[in-house]
Amino acid sequence: MTRPAEDLSVLSAGALARLRDASPLVQCLTNGVVTNFTANVLLALGATPAMVDIPQEAGPFAKVASGVLVNLGTPHAEQRAAMAEAAGSAAGCGTPWVLDPVAVGSLPVRTALARELLAFAPAVVRGNASEIIAVAGDGSGGRGVDTTDDVEAAAPAAAALARSTGGVVAVSGPVDLLTDGVRTVRVANGDALLTRVTGGGCALGAVMAAFVSLVPADGDRLAATAAAVTVYTVAAEVAAARATGPGSFAVGFLDALAGLDEATLTARAAVSWA
Amino acid sequence: MTRPAEDLSVLSAGALARLRDASPLVQCLTNGVVTNFTANVLLALGATPAMVDIPQEAGPFAKVASGVLVNLGTPHAEQRAAMAEAAGSAAGCGTPWVLDPVAVGSLPVRTALARELLAFAPAVVRGNASEIIAVAGDGSGGRGVDTTDDVEAAAPAAAALARSTGGVVAVSGPVDLLTDGVRTVRVANGDALLTRVTGGGCALGAVMAAFVSLVPADGDRLAATAAAVTVYTVAAEVAAARATGPGSFAVGFLDALAGLDEATLTARAAVSWA
Amino acid sequence: MTRPAEDLSVLSAGALARLRDASPLVQCLTNGVVTNFTANVLLALGATPAMVDIPQEAGPFAKVASGVLVNLGTPHAEQRAAMAEAAGSAAGCGTPWVLDPVAVGSLPVRTALARELLAFAPAVVRGNASEIIAVAGDGSGGRGVDTTDDVEAAAPAAAALARSTGGVVAVSGPVDLLTDGVRTVRVANGDALLTRVTGGGCALGAVMAAFVSLVPADGDRLAATAAAVTVYTVAAEVAAARATGPGSFAVGFLDALAGLDEATLTARAAVSWA
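A brief report on the enclosed structure follows. The shown structure was predicted, so the numbers you read here are calculated from the model rather than taken from an experiment.

Take the side chain of S12 of chain B next. All names here are of chain B. With respect to the secondary-structure elements, S12 resides in helix α1 (residues 8–22). Under the relative-accessibility criterion, S12 is labelled buried at 1%. In this structure, S12 is in contact with A226, A227, T230, V231 and L265, ignoring residues within four places of it in sequence.

In structure tokens, the structure reads:
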């Protein structure tokens, strides 16, 4: 796919406007630590969250959802069954879904599950460098949710994984790296406070599902994922400028997502092809 | 039951004072997305939350609890067993309980469970128009937690359901409609920001359980439910006036619930028989 | 063990500096109501949370974690299996772990589990007076998470329990009492708003795991636990001074934990041997 003619910051602003207009329904099968924050991030942004994650409901719901997030942070047995059901159903009917392989590589149950889920062709795989390297088949992962590898060191694994899934792979870090296996985008926005709030990374997976759901299967999902990261991390900068610590940052971040306007977004966006 | 002599806003203020004095113990079997917010809403109000939701504990605890909330938002298998146990135990010993049939009608597992639980005569059934219509036996529900039907369109179903359960039915919306099958109350308070915070509706179910627990079984549970809605939605207005977005609104809402005084409540209350 | 030469407030400030430097990895198997707040408290403090609580992962992870928290607030069957696995693994490899026996004594499933877990020699048992008395083998517990017994009344049970486990026992209340069975510390800091936020007590268990992990097995774990309580409750005082209710208090508490400096800590600390 060739690069779009428009600047990625302008594309991001357009995507945000479309998201607020469409209010996509995002089904989240995510870890118990961050369900609340994830739902609130989606609501603040203008999307509609639905945490449908039990067997017999997760599959049917993935057919009516606009997008699906599968996050492996606390994968209890019943939720694992629902995740396989949802991913299979999403793949079968064309609902784009995002895989966040939290701590894959260092923990056995979720590592096996991630392998199984990859067969359902996630539209996006999102993780830190260690997780992406582990999912791609190299390395031995980090310690829990920490990252021990560098974003740029994960670039080859990310590109290989993207070519293998046919989707986008996003590596989070101080500068985020996104690739579809051919093209690469880097986003240099964000704030360290995002790492001091639990779910700061996990909720971004749900936001990616929301943005990617606005693009047809043959559309530019890399640009849509870049829009998700740009909107999310620029809102973090706005919130960080007003915060007095991680508590007020998390609150202000929700306000900033809800209030983010086109001028602020395009002025601050540090997103580029590279 | 006839209408009480007192104005509903005055009754609401009296009920809030009694709640703060009694600090009722509210057992919540609710969805994983909103447990934290629900507990904090109860604590801010002056009630005592207890999220006892496993088999062998949920039933015994429902006998010592003042009131019980059963919310079907993320009904995992073990919690479903605990819900049946708690509702059965509550019904058996006279503990009032509230059913919140989240997304019933559109999702199969919880729809079957809601049918089963209705046999235990909930003191209150609380939902949006689509959910109430689905529980009452009509329509096909909404898409997840959204409402696709209008509050007033649900009025006949709500009244029929209330006559069938012998309890109160509350339909949430811009103007909330409450009925015991004979009498009807409308509450026109609240703010749209309440729909931008996850659990904004779910936590109200717990607050209803707290208020209804203060009234004997042959008391006026419709007036008690109206007090719950009035206190909750007036606090939302107070918080909205100070908020800069959904994040600061949720924080300010807890402060407003804790700080709400009689003068503000009666001045703002838009609750009436109709 | 004899008393350290240094004042406990000075020791607490030193422990906080070491914690921020080491960023210990704290595995939390805790109740679903407070996972988010607990993780955010650890992040604000400078520790690294990881909520690994499923069988086959919880045991292996306890070997690489710096410390482990096992909190019995909502002990679902799968989590109970993971708790036994984690506590056994921690005991086997010397990872210090904290037991928070929420509502033990009044609820049957968790009471049996607490008995079983005590065999794995928790470095700290933390609870309110009723819970500590119940775990120690006396009394009949409180109603849910409430306390019905007085802190000082629990002192003999706490000391007996500490001698039996070989660890520290912490009894929470207006003045916290900590003992290793021989020596006793009292901490008179804190604010009533901490009881109006769900997880106000539960998160302290995770903070204790973080502080105790910095001390070797033959080090002074009572002083480390006292540092945890002192840092936590002084931060609560700082937050309470700026709060307008329980919502803003919880937010400000996270900011205060992140921003707490040595001068404020030592000036406010009301911690002493007694």
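Residue and element names in this part refer to chain A. Across the interface, helix α2 (residues 35–45) lies against helix α8 (residues 202–212) with an axial gap of 9 Å and an inter-helix angle of 40°. One way to sum up the angle between α2 and α8 is to call them oblique. The way α2 lies across α8 gives a crossing that is right-handed. Side by side, α2 and α8 meet where F37, T38, V41, L42 and L45 of the first sit next to A203, A206, V207, A210 and F211 of the second.

What follows concerns the environment of A134 of chain B. By secondary structure assignment, the location of A134 of chain B is in helix α6 (residues 129–136). Between the alpha carbons of A134 of chain B and A157 of chain B there is a distance of 8.8 Å; along the sequence they are 23 residues apart.

Contact residues are listed per partner, giving 27 residues for chain B and 25 residues for chain A. In this assembly, chain B packs against chain A so that about 2,000 Å² is buried in total across both faces, 58% of it on carbon and sulfur atoms. Our enumeration of links across chain B and chain A arrives at one salt bridge. Close ionic contact of R110 of chain B with E57 of chain A constitutes a salt bridge, the shortest N to O distance being 2.5 Å. Within the residue set of the side of chain B that touches chain A, elements represented by two or more residues are α4 (77–93), α5 (108–118) and α10 (246–259) of chain B. Ranked by the residues each element gives to the side of chain B that touches chain A, the list is headed by α10 of chain B, at four residues. Considering only residue class, the side of chain B that touches chain A consists of 12 nonpolar, 10 polar and five charged.

Further remarks concern the interface of chain C and chain A. Facing the 25 residues of chain C at the interface are 27 residues of chain A. Taken together, the two surfaces of chain C and chain A that pack against each other cover about 2,000 Å², and 58% of this comes from carbon and sulfur. Ranking the residues of chain C by area buried against chain A places L43, E57 and D255 of chain C at the top, with a combined share of 27%. Where chain C packs against chain A, one counts one salt bridge. Summed over the shared surface of chain C and chain A, the number is 13 residue pairs in polar contact (both at pLDDT 80 or more). Elements that contribute at least two residues to the side of chain C that touches chain A include exactly α2 (35–45), β2 (48–50) and α10 (246–259) of chain C. Residue composition of the side of chain C that touches chain A, by class: 14 nonpolar, seven polar and four charged.

This paragraph deals with the packing of helix α6 (residues 129–136) of chain C against helix α7 (residues 155–165) of chain C. Residues and elements named next belong to chain C. Look at α6 against α7: their axes get within 9 Å of each other, and the N-to-C directions meet at 50°. It follows from the interaxial angle that α6 and α7 lie oblique. With respect to the hand of their crossing, α6 and α7 are arranged in left-handed fashion. Side by side, α6 and α7 meet where I132, I133, V135 and A136 of the first sit next to A157, A158 and L161 of the second. Tallied by class, residues from the contact of α6 with α7 come to seven nonpolar, no polar and no charged.

Rules of the game
- Residues numbered from 1 in each chain as written.
- Chains lettered and ligands numbered in written order.
- Predicted model: local features only at pLDDT ≥ 70, side-chain atom pairs only at ≥ 80, totals over all residues.
- Heavy atoms only, no water.
- Helix = DSSP H or I, 4+ residues; strand = E, 2+ residues; numbered from the N terminus.
- Buried < 20%, exposed > 50% of the residue type's maximum accessible area, 1.4 Å probe, protein only.
- Contact = heavy atoms within 4.5 Å.
- Axes fitted to C-alpha atoms, helices over the stretch in contact; angles between N-to-C directions.
- Parallel < 35°, antiparallel > 145°, perpendicular 65-115°, else oblique.
- Left-handed = near helix turned anticlockwise from the far one by under 90°.
- Buried area = accessible area lost by both parts, 1.4 Å probe.
- Salt bridge = Lys/Arg side-chain N within 4 Å of Asp/Glu carboxyl O.
- Nonpolar A, V, L, I, M, F, W, Y, C, P; charged D, E, K, R; others polar.
- Polar contact = N/O pair within 3.5 Å; in protein donor to acceptor, adjacent residues only side chain to side chain.

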